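# Architecture at a glance
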Amino acid sequence: MLICTSVALLLSVDAVYGGLQQLLSVAEPLIAGHPLLGAVVFVVLAAVSAILAFFSSALLLPAAVYAWGNTVTFGLLWLGWLLGGICTYALGRGLRRPHGNAPRTSRQLDFYVQRVRGDVTFTLVLLLHLAMPSEIPGYLCGYIGVRRRTYLAALALAELPYAFGAVMLGDGVVNRQVGWLVAFGMVGAAFSLCALWVLHRRLDQLS
């Protein structure tokens with residue numbers, strides 16, 4: 001929410017928005033001149049953003065929306081996040097060692113590993129995706145051995161609203177829709193907090 005508000009304030013400055021429009025005008029013919037390569041690079045970077053917590057594809061969204069429009073950007077972003085989630089799931093499975101031994105993991109991962117046990121349901125995996133940063137549920141579900149079908153179905157569904165919101169934010173930046181940026185920031189924050197609250201209530205019931 002703070003990021004969206006800050007971006008909205010920056011866009012209200014004519015010089016900042018004018019500079020952004022110049023950058024987008026430079027990026028658009030580059031993407032249009034290499035449509036396939038541009039799409040592949042965008043999908044790969046979106047996948048990387050779903051694997052590494054410190055990397056984000058958010059800065060690429062305005063250029064993508066400007067060049068391809070909302071629908072194509074939404075599809076490419078969702079595909080990239082889906083591929084990234086599959087990679088984190090595979091990496092999570094790789095963390096386990098033979099005979100159930102596992103290496104030391106982060107405190108946040110340990111917290112959920114201790115609470116998410118047994119036959120994990122689709123609803124619980126969906127809540128994990130809705131409530132937590134995108135890279136954590138993949139590592140966690142792979143680490144504890146969630147069924148692939150359950151994980152992939154929950155991942156595909158959970159990424160839809162976030163991909164839609166991200167594209168709308170990118171569109172808001174391109175078209176200088178300051179009100180929409182602030183509104184989406186507030187809705188996104190409320191949605192994530194609500195999902196986190198529901199997730200912890202569900203985990204308390206299981207413990």
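For the structure itself, consult the block above.
None of the values given here were measured: they were computed from a predicted structure.

Rules and cut-offs
- Residues numbered from 1 in each chain as written.
- Predicted model: local features only at pLDDT ≥ 70, side-chain atom pairs only at ≥ 80, totals over all residues.
- Heavy atoms only, no water.
- Helix = DSSP H or I, 4+ residues; strand = E, 2+ residues; numbered from the N terminus.
- Contact = heavy atoms within 4.5 Å.
- Core = buried A, V, L, I, M, F, W, Y, C linked by side-chain atoms within 4.5 Å.
- Buried < 20%, exposed > 50% of the residue type's maximum accessible area, 1.4 Å probe, protein only.
- Expected span 1.5 Å × (residues − 1).
- Axes fitted to C-alpha atoms, helices over the stretch in contact; angles between N-to-C directions.
- Left-handed = near helix turned anticlockwise from the far one by under 90°.
- Nonpolar A, V, L, I, M, F, W, Y, C, P; charged D, E, K, R; others polar.

Our focus in this paragraph is the side chain of Asp-171. Position of Asp-171 among the secondary structure elements: in helix H9 (residues 148–174). Setting aside residues no more than four positions away along its own chain, Asp-171 makes contact with Val-65, Asn-70 and Gln-177.

Grouped together as the largest cluster of nonpolar side chains are 26 residues, with contacts concentrated most on Tyr-112, Val-125, Leu-128, Met-132, Cys-141, Tyr-151 and Leu-199. Where this core is concerned, the elements lending two or more residues are helix H5 (70–95), helix H6 (107–113), helix H7 (122–131), helix H8 (135–144), H9 and helix H10 (178–206). A per-element tally of this core places H7 first, with seven residues. Setting aside its immediate chain neighbours within four residues, Val-125 contacts Val-120, Cys-141, Val-146, Thr-150, Tyr-151 and Ala-154.

Our next topic: helix H3 (residues 35–51). Counted at 1.5 Å a residue, the expected span for H3 with its 17 residues is 24 Å, and the 25 Å between its end C-alpha atoms agrees. Along H3, the residues classified as buried are Gly-38, Ala-39, Phe-42, Val-43, Ala-46, Ala-47, Ser-49, Ala-50 and Ile-51. The secondary structure elements touched by the buried residues of H3 are helix H4 (61–68), H5 and H8.

Mapping Leu-130 onto the fold places it in helix H7. Expressed as a C-alpha distance, the spacing of Leu-130 and Ala-158, which sit 28 residues apart in the sequence, is 5.9 Å. With residues near it in sequence (within four places) discarded, Leu-130 still touches Ala-158, Pro-161, Tyr-162, Phe-191, Ser-192 and Ala-195.

Glancing now at the packing of H3 against H4. Two elements in contact, H3 and H4, have axes separated by 12 Å at closest approach and are oriented at 150°. Two packed elements cross with a definite hand, and for H3 against H4 that hand is left-handed. Side by side, H3 and H4 meet where Gly-38, Ala-39 and Phe-42 of the first sit next to Leu-61, Ala-64 and Trp-68 of the second. Tallied by class, residues from the contact of H3 with H4 come to five nonpolar, one polar and no charged.

The topology assignment puts Thr-150 in helix H9. Under the relative-accessibility criterion, Thr-150 is labelled buried at 10%. With residues up to four places along the chain from it excluded, the contact list for Thr-150 reads Val-120, Thr-121, Phe-122 and Val-125.

Right, let's get into the environment of Gly-69. Inspection of the secondary structure assignment puts Gly-69 in the loop between H4 and H5. The class of Gly-69 is partly exposed, set by a relative accessible area of 23%.

These results come straight from atomic positions and should not be treated as a statement about function.
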